[in-house]
Amino acid sequence: MEHLTLKGAHYELGVQRGKLFNRRRISFPLRLDTFQLQHGKQSEELLRKFFPEVCEEIRGISDTTGTDYLHFVSWMLCMGCCMYNLEQNMPAEIRGCTAFAYSAGGKMIYGRNNDLPPCLRKESKADLYVPIGGNLFYMATSSFVNGEEGLNEHGLAVAMTFVMTDLKKIRPGFNACFLVRYLLEKANDTEQAISQLCGLPIASNCNLLLADKNGGMAVVECTPSLKKIRRAERAPHGGMICTVNSFTSNNMKPFDDARGNDYGSQRRYKTVLDAFIAGKTGGDPIDAAKCLLKGDYGFICQYDDDPNFETVWSSIFDLSSLTVYRAEGDPRKNQFVRDSRLHNLKLNPLPNHERT
C-alpha cells in the first residue's frame, strides 16, 4: 500500500497526487459507455453542489495529468456503482468487506477486512489528509480521493460496504466511496454524520458504518430512494454493530440485488455477531479485534478457494487515541502494524494559518 500525507488547498492536493501519477507514468482506462458518461455528468453536478472542494481536488489531478476533467470525474463516480463492463474497467465491482465497531474496556474500537481482487493490493492507499478548511483525517482506499474507510481528528470512523444494485435503480448522486470522504472531512460525530448523510443524494445501494470515540454507533443502510438507520446491539462486554455486503434490516432486504452472490456476506455477519454474543471479544480489545479479523472465530477472510479474491488489507482503529493498526494483505499471514500519523499530527498540530 502507498502511505501519502497530503496537505493544502484541495486543488493543490490534486496537483500533488497528479504529479505522483506523472512520475510513475500511470494512466487510466477511461472506457465509459453512454450510460456511464451520462450518470457521471449528472452525478458531478450534484457532487459539485454538495462537495465542491473534492471536485477541485479532482480537477487538480486531471489538469496535472492532462486528462479531461468531466470524463475523469465520471469514471470516479461510476466506481462502486455502475462499473459493470469489468473486462475494460477497474476497479471490479466485486467486494466482500466486513466492518464492525464496539465498545469494550473503556475503548471504542473499529475493525474491517477489505476484500477485493488481489490486483488492487499494490495500488491501495492509506493516506493522511490535511485539507485547508476541513477535518484532518486518515483514509484507506483501493482508489484515490474517495475512500472505503477512515478516521478523522474528532475520533469519528466512517466505512462503506458495497451492496449490489440493479442498473435500472441507479440514480445520479454520491457513490459510497465519496460518501466516506465527505463525512470524514465534514462530520465530527455519529449523529452529525447521520444528519449530513440524510441530506445527500445516493447513487446506489450501500451501507455506511459510523462510530465515534464517545460511543455513538450506527449503520445507515442506503438506497437511492430510502435510508434506514440501524443502531448498535447489546453484547456481554458492551455495544456493537456490524455491516457486510447485504442489508440487515428486514424492510431493506428486498432492495438487495446480489441474490446471494456476495462472498458469504451472511456467514461473515454471523461470525462477527456470534463472537460478540459469546463474549469472545473480552480482554484486550485490540487483540480481540485481531482474532476476529484473522478468522479465529469463524469464516470472515478465508477465501482460499478463490485465487481472484482475498483480504487486501485489514484495519483496526482505536477511536480515542486516533491510532490505526493495519495488516497489508491477508491478516492470517501479515502482522498488524501501528500507524500513528493521525495521532501524532493531532498532538502536534500545524500552525493555524496552514489549516484555515
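Residues numbered from 1 in each chain as written. Predicted model: local features only at pLDDT ≥ 70, side-chain atom pairs only at ≥ 80, totals over all residues. Heavy atoms only, no water.

Asker: Please clarify how the overall build of the chain should be interpreted in this entry.
Answerer: What the chain contains, in helices and strands, is 9 helices and 15 strands. In terms of C-alpha radius of gyration, the chain reaches 19 Å, essentially the compact-globule figure of 21 Å for 356 residues. In terms of principal-axis extent, the alpha carbons of the chain reach across some 55 × 50 × 40 Å. Across the 356 residues of the chain, 59% fall into the buried class. Of the roughly 13,700 Å² of accessible surface on the chain, a fraction of 49% belongs to carbon and sulfur atoms. Positive and negative charge centroids in the chain, built from 43 and 41 side chains respectively, lie 1 Å apart. (Helix = DSSP H or I, 4+ residues; strand = E, 2+ residues; numbered from the N terminus. Rg over C-alpha atoms; globule rule 2.2 N^0.38 Å. Buried < 20%, exposed > 50% of the residue type's maximum accessible area, 1.4 Å probe, protein only. Areas by Shrake-Rupley, 256 points an atom, 1.4 Å probe, with all protein chains shown as cover. Lys, Arg positive; Asp, Glu negative; His and termini not counted. Charge placed at Lys NZ, Arg CZ, Asp CG, Glu CD.)

Asker: Any chance you could explain helix α2 (residues 34–50) here in plain terms?
Answerer: Counting along an α-helix, one turn takes 3.6 residues, and residues three or four places apart therefore face a common direction. Taking 1.5 Å per residue as the helical rise, α2 with its 17 residues ought to reach 24 Å, and the 25 Å between its terminal C-alpha atoms agrees with that figure. The complete set of buried residues in α2 reads Q36, H39, G40, S43, E44 and L47. Down the axis of α2, the buried side of the element spans an arc of 140°, and every buried residue falls inside it. Residues T34 and K49 are exposed on α2 and point more than 90 degrees away from its buried face. (Expected span 1.5 Å × (residues − 1). Arc of directions from axis to C-beta.)

Asker: Sorry, what's going on with the nonpolar core here?
Answerer: Side chains that are nonpolar tend, in soluble globular proteins, to be buried together. L47, F72, W75, M76, F144 and F178 are the most contacted members of the largest nonpolar core, which has 57 residues in total. Element by element, the count of residues in this core is highest for helix α5 (residues 176–186), at 8 residues. If you look at the next biggest cluster of nonpolar residues, it comprises 29 residues, including A101, L116, Y138 and L209. (Core = buried A, V, L, I, M, F, W, Y, C linked by side-chain atoms within 4.5 Å.)

Asker: Is there a simple way to explain the pattern of salt bridges in this structure?
Answerer: Pairing between side chains becomes possible if they bear opposite charge and their charged atoms approach one another. Summed over all chains, the structure comprises 20 salt bridges. We note a salt bridge from D127 to R17, for which the minimum N-O separation is 2.9 Å. Of this pair, D127 sits in strand β4 (residues 125–131) while R17 sits in helix α1 (residues 10–23); the two residues are 110 residues apart in sequence, bridging distant segments of the chain. Take D127: its relative accessible area is 2%, and that puts it in the buried class. Close ionic contact of K169 with D257 constitutes a salt bridge, the shortest N to O distance being 3.0 Å. Pair noted here: K169 is in the loop between β7 (156–162) and α5 and D257 is in the loop between β12 (238–243) and α7 (265–277), with a separation of 88 residues, a long-range link. Within this structure, R326, E328, D339 and R341 form a network of salt bridges that share partners. (Salt bridge = Lys/Arg side-chain N within 4 Å of Asp/Glu carboxyl O.)

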